[in-house]
Number of protein chains: 2
Amino acid sequence: MSNLPEDLPECMVFLLGKAYQKAHGDFSRRLRPYGLTNMQHLVLEGLWYQPGMTATELSKLLILDKATLSGVLDRMTETGWIIKQPDPEDRRIQRIYPSEQANRLKPNLIAQRQESNREILEHFSPEECILFKRLLRDLI
Amino acid sequence: MSNLPEDLPECMVFLLGKAYQKAHGDFSRRLRPYGLTNMQHLVLEGLWYQPGMTATELSKLLILDKATLSGVLDRMTETGWIIKQPDPEDRRIQRIYPSEQANRLKPNLIAQRQESNREILEHFSPEECILFKRLLRDLI
DNA sequence: TCTATATCCTTTGCATACAAACAATTTTTT
DNA sequence: AAAAAATTGTTTGTATGCAAAGGATATAGA
């Protein structure tokens, strides 16, 4: 009834989880010297794309829970990666900006993501890469 | 330099993370009525495959951190899904078994995983499914 | 205008994740 | 056998991840 070793490699939740685990771990190690986590890096990329977004906007762009984001933003404010500014129009809102420090490191940080991506895909042919991404996008 | 909306769909860490997020969420909802989490379900499948494994063995089979597993096993003992028995040969070791309750629900639980898997893959052709799994396995 | 509803964000509670340090116990070395 | 090294599992600390509830504020509708 249960043949785990044969079933696991067929189980998508497991495969996706482990593939993510590996990619996440690799990127994570790359970011460690900067004192940034993957999630925090992602937030910065979002803010570089559009500075001054609200938490809700960021949450939608990055497809992540607002409760999770709330904590992430707190820590990033503490560590000086971002700056929160109250919105004069709507007192419920805080607009979020990358800090100077973040902007200084922007080229290096973006390069790290690109490198990490290359590393993950280096064992696949260009056609496989395209297909792989399409399959993942279709799943999401 | 940073064109997030164009880059995100190309970034493997992001794609893998979101694909996993979705698959995990789906399976999670399926398991909620049983009071089981995805991880706990995975542990049970491991123990059904080979009852009496040690935490270290389970940790290797399921590719997960021993510190994480330690907490999972604690909660599963509390909630009566597994049973820990000391090993008479080696006092460092505890052998782990699925409980009666777990065994009773085994057919239903395994069916849930299979259903969840089908649901995730239903938008892909049989060839795509095979390829998708191969790509994920090669990545791991 | 005043109340009901909606929005934004935070907080709480629980469950992973994983690095690092540890205690207990075995195994290996010398 | 005594000391050193390795193994097993737990604990601690930090960071997600998400459901659910809550507080503050804004908007809509009567």
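To keep things clear, this report deals only with the structure shown in the data block. Predicted model, so just to flag it, every value in this text is computed and none were measured.

### What about the side chain of serine 99 of chain B?
Residue and element names in this part refer to chain B. The residue serine 99 is located in the loop between strand 3 (94-98) and helix 6 (100-121) in this model. The class for serine 99 is buried, based on a relative accessible area of 5%. Engagement of the side chain of serine 99 in a polar contact is seen with the backbone oxygen of glycine 80, the distance being 2.7 Å. For serine 99, the residues in contact, after removing those within four places along its chain, are Gly80, Trp81, Ile82 and Ile83.

### Points about the sheet that holds strand 3 of chain B
Residues and elements named next belong to chain B. Pairing is antiparallel across the open sheet formed by three strands, whose spatial order is 1-3-2. The open sheet has two free edges, formed respectively by strand 1 (53-54) and strand 2 (82-86), since each of these has just one partner strand. Alignment of strand 2 against strand 3, held across five bridges, turns out to be antiparallel. From the neighbouring strand, glutamine 85 faces strand 3, where its bridge partner is arginine 95. This element, helix 3 (residues 38-49), spans strand 1, strand 2 and strand 3 of the sheet and lies at about 100° to strand 3.

### Some details on the packing of aromatic side chains
Overall, the coordinates contain four aromatic pairs over all chains when judged by the stated rule. Here the aromatic rings of phenylalanine 132 of chain A and phenylalanine 132 of chain B are separated by 6.4 Å at their centres, their planes lie at 80°, and the arrangement is edge-to-face. Here phenylalanine 132 of chain A, found in helix 7 (residues 126-139), pairs with phenylalanine 132 of chain B, found in helix 7 (residues 126-139), and the two come from separate chains. The same class applies to phenylalanine 132 of chain A as to phenylalanine 132 of chain B, namely buried. Both rings, one in phenylalanine 124 of chain B and one in phenylalanine 132 of chain B, keep their centres 5.5 Å apart while their planes meet at 80°; by these two values the pair is edge-to-face. Assessed through its relative accessible area of 0%, phenylalanine 132 of chain B is described here as buried. Taken together, Phe124 and Phe132 of chain A together with Phe124 and Phe132 of chain B form an aromatic cluster joined through their ring pairs.

### Digging into the relation of the copies chain A and chain B
Relative to chain B, chain A is turned by 180° and slid 0.0 Å along the rotation axis, the superposed coordinates differing by an RMSD of 0.1 Å. Taken together, these values place the two copies in the relation of a two-fold axis. Interface overlap between copies: 100% of the residues of chain A at the interface are likewise at the interface in chain B, consistent with a symmetric, same-surface contact.

### Some thoughts on the layout of surface pockets
Rolled over the atoms, a probe sized like a water molecule indicates the empty space that remains. Its boundaries defined by the atoms lining it, the largest pocket holds a volume of some 510 Å³. Gly17 and Lys18 of chain A together with Tyr20, His24 and Met39 of chain B are the residues nearest the centre of the largest pocket, which is lined by 23 residues in total. Going through the elements one at a time, helix 2 (12-31) of chain A together with helix 2 (12-31) and helix 3 of chain B are the ones with two or more residues in the lining of the largest pocket. Ranked by residues supplied to the lining of the largest pocket, first place goes to helix 2 of chain A with nine residues. Partitioning the lining of the largest pocket into residue classes produces ten nonpolar, ten polar and three charged. A volume near 390 Å³ is recorded for the second largest pocket. Lining the second largest pocket are 19 residues, and of these Tyr20, Met39 and Leu42 of chain A together with Gly17 and Lys18 of chain B sit closest to its centre. Where the lining of the second largest pocket is concerned, the elements lending two or more residues are helix 2 and helix 3 (38-49) of chain A together with helix 2 of chain B. Counting residues per element, the lining of the second largest pocket draws most heavily on helix 2 of chain B, at six residues. Among the residues making up the lining of the second largest pocket, the classes are represented as ten nonpolar, six polar and three charged.

### Quick word on the protein's contact with DNA strand C
Residues in contact with DNA strand C amount to 24 residues; listed here are only the nearest, Thr56, Ser70 and Arg92 of chain A together with Met39 and Arg91 of chain B. Each atom of DNA strand C within 4 Å of the protein was assigned to sugar, phosphate or base; sugar and phosphate come to 75%. Separating a base oxygen of DNA strand C from a side-chain N or O atom of arginine 92 of chain A is a distance of 2.8 Å. Residue threonine 37 of chain B places a side-chain N or O atom 2.9 Å away from a phosphate oxygen belonging to DNA strand C.

### As for helix 2 of chain A
For an α-helix the count is 3.6 residues per turn, leaving residues at separations of three or four pointing the same way. For helix 2 of chain A, which comprises 20 residues, the first-to-last C-alpha distance of 28 Å matches the rise-based estimate of 28 Å (1.5 Å per residue) to within 8%. The buried fraction of helix 2 of chain A is high, at 14 of 20 residues.

### Observations regarding the state of the cysteines
A complete count under the given rule lists zero disulfides over all chains for this structure. Between cysteine 11 of chain B, a free cysteine, and cysteine 129 of chain A, which holds the nearest cysteine sulfur, the sulfur-to-sulfur gap is 13 Å. Given the relative accessible area of 6%, cysteine 11 of chain B is considered buried.

The rules we used
- Residues numbered from 1 in each chain as written.
- Chains lettered and ligands numbered in written order.
- Predicted model: local features only at pLDDT ≥ 70, side-chain atom pairs only at ≥ 80, totals over all residues.
- Heavy atoms only, no water.
- Helix = DSSP H or I, 4+ residues; strand = E, 2+ residues; numbered from the N terminus.
- Buried < 20%, exposed > 50% of the residue type's maximum accessible area, 1.4 Å probe, protein only.
- Polar contact = N/O pair within 3.5 Å; in protein donor to acceptor, adjacent residues only side chain to side chain.
- Contact = heavy atoms within 4.5 Å.
- Pairing = 2+ DSSP bridges.
- Axes fitted to C-alpha atoms, helices over the stretch in contact; angles between N-to-C directions.
- Phe/Tyr/Trp six-rings, centres within 6.5 Å; stacked < 30°, edge-to-face > 60°.
- Least-squares fit on C-alpha atoms with pLDDT ≥ 70 in both.
- 1 Å grid on protein atoms, 1.4 Å probe; cavity = no way out; pocket = protein on both sides within 12 Å on 5 of 7 lines; lining within 4 Å.
- Points joined across faces, edges and corners; volume = space filled by probe spheres on them.
- Nonpolar A, V, L, I, M, F, W, Y, C, P; charged D, E, K, R; others polar.
- Near = heavy atom within 4 Å.
- Expected span 1.5 Å × (residues − 1).
- Disulfide = S-S within 2.5 Å.

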